[in-house]
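A look at the structure
So you can see what is in the structure, the chains are spelled out below.
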Amino acid sequence: FFSSRRRHTRYWRDWSSDVCSSDLKIPEKKLFYETNERIHVNRLHDLLEPIRFDAFLDRMSKLKMKGGLTVLLYGTPGTGKTESVYQLARLSCRHVLAADASTVRSKWVGETEKNIRNLFQDYKKACETFDEVPILLFNEADAILGKRRPVIDRVEQMENTLQNLLLQELENFEGIFIATTNLEDNLDPAFDRRILYKVRFTPPSDSMRISIWNDKIPNISIELIESVNTDFKLTGGQIDNIRKKIEVDRLLNPEMNVEEYYLRNLAEEELSLRTKETRTPIGFLIN
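Here goes a summary of the coordinates provided. (Residues numbered from 1 in each chain as written. Predicted model: local features only at pLDDT ≥ 70, side-chain atom pairs only at ≥ 80, totals over all residues. Heavy atoms only, no water.)

In terms of helices and strands, the protein chain carries 11 helices and 6 strands. Across the 287 residues of the protein chain, 46% fall into the buried class. Once local pairs closer than 6 in sequence are excluded, the contacts in the protein chain between residues at least 24 apart make up 73%. (Helix = DSSP H or I, 4+ residues; strand = E, 2+ residues; numbered from the N terminus. Buried < 20%, exposed > 50% of the residue type's maximum accessible area, 1.4 Å probe, protein only. Contact = heavy atoms within 4.5 Å.)

Below, the structure is given as structure tokens:
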């Protein structure tokens, strides 16, 4: 695997856990889950523990079943789907091989299908090379795992050929495949049967958002947090962005205080692209 690393990086980027030897480390990050999400993520965490995953493979082999663990994380943007994959990898000491849709897809006839075959072949080699079975991640999977279309021209025919190839690869897949998407309706229904676990990520509840605010920006008053939290239904990813902007402004102005109008402006900014208004009024609730 390492001897042919350049070939692999055509299709994915290799991240490893912080307890494995690699130039790219997965930093630890605290994540917040609603009850149903936590149940599913905890199951995946337990199953991906090396001893249990080896037992899973052994059991599947004895039952003459494919030893493939296939997972789809779907739902609202900014709710921690992709980061969950990396944290699961970190905790189980696994590499994440993240497929790059921009390099998998090609404008040349037949080249995309060749890339897909090479990607899965290289993943099989990686499984034989690493101490623990790596995770093959299709982030924003709708860019690759799209719907098959009625064949009108060569473009639709090529697209359907690609989807059929992916369906075949997942049918025979052995290893750990995790896909994430914000647009689950764009996935072909034929993929449903090939995905073992489907985990829906929802926007955080009011109480969870307060926990996220307190974790990300601990040095502001609970009264201010509750006021902004009531009027702005943000995701964890959006609150992460606000935290980063605050740190940038503190770098530029060390004497800056986080006042209410300032925090509200940042929250409005995070929601502005999701509305038809040029400015999000205070108190606007995003669906």
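Helix-helix packing is described using two parameters, namely the angle between the two axes and the distance between the axes. For the pair helix H10 (residues 236–252) and helix H11 (residues 260–272), interaxial distance at closest approach is 10 Å and the crossing angle is 130 degrees. Overall, the two elements H10 and H11 adopt an arrangement that is oblique. Considering the relative orientation of H10 and H11, their crossing is right-handed. Where H10 abuts H11, its residues Gln238, Asn241, Ile242, Lys245, Ile246 and Asp249 lie against Tyr262, Leu263, Leu266, Ala267, Glu269, Glu270 and Leu271. The residue inventory of the contact of H10 with H11, partitioned by class, reads 7 nonpolar, 2 polar and 4 charged. (Axes fitted to C-alpha atoms, helices over the stretch in contact; angles between N-to-C directions. Parallel < 35°, antiparallel > 145°, perpendicular 65-115°, else oblique. Left-handed = near helix turned anticlockwise from the far one by under 90°. Nonpolar A, V, L, I, M, F, W, Y, C, P; charged D, E, K, R; others polar.)

A side chain of one charge can pair with a side chain of the opposite charge if their charged atoms are brought near each other. Evaluation of the coordinates by the stated rule reveals 16 salt bridges. The residue Lys30 makes a salt bridge to Asp215 at a minimum N-O spacing of 4.0 Å. Pair noted here: Lys30 is in the loop between strand S1 (12–15) and helix H2 (35–48) and Asp215 is in helix H8 (residues 206–216), with a separation of 185 residues, a long-range link. Assessed through its relative accessible area of 51%, Lys30 is described here as exposed. You can call Asp215 partly exposed: its relative accessible area is 30%. Put simply, Glu260 and Arg264 hold a salt bridge, and the shortest N to O gap is 3.1 Å. Taken together, the residues Glu260 and Arg264, both in helix H11 and 4 residues apart, mark about one turn of the helix. (Salt bridge = Lys/Arg side-chain N within 4 Å of Asp/Glu carboxyl O.)

Glancing now at unusual backbone geometry. The phi angle at Cys93 is positive, at roughly 55 degrees, despite the residue not being glycine. Mapped onto the fold, Cys93 is located in the loop between helix H4 (81–92) and strand S3 (96–99). Overall, the relative accessible area of 23% leaves Cys93 in the partly exposed class. With a phi angle near 50 degrees, Glu140 is a residue other than glycine that sits in the positive phi range. With respect to the helices, strands and loops of the structure, Glu140 is situated in the loop between strand S4 (135–138) and helix H7 (154–171).

Right, let's talk about the nonpolar core for a bit. Counting residues in each nonpolar core, the largest one holds 55 residues, and the members touching the most others are Phe138, Leu145, Leu166, Ile176 and Phe177. In contact with Phe177, not counting residues within four places along its chain, are Leu69, Thr70, Val71, Leu136, Phe138, Leu145, Leu170 and Ile195. In terms of nonpolar packing, the next biggest core, distinct from the first, is built from 21 residues, Phe32, Ile212, Val228 and Ala267 among them. (Core = buried A, V, L, I, M, F, W, Y, C linked by side-chain atoms within 4.5 Å.)

This brings us to the side chain of Asn229. Examined against the element boundaries, Asn229 turns out to sit in helix H9 (residues 222–231). Asn229 gets classed as buried once you look at its relative accessible area, which sits at 3%. A distance of 3.2 Å separates the side chain of Asn229 from the backbone oxygen of Asp206, its partner in a polar contact. Aside from chain neighbours lying at most four places away, what touches Asn229 is Asp206, Arg209, Ile210 and Trp213. (Polar contact = N/O pair within 3.5 Å; in protein donor to acceptor, adjacent residues only side chain to side chain.)

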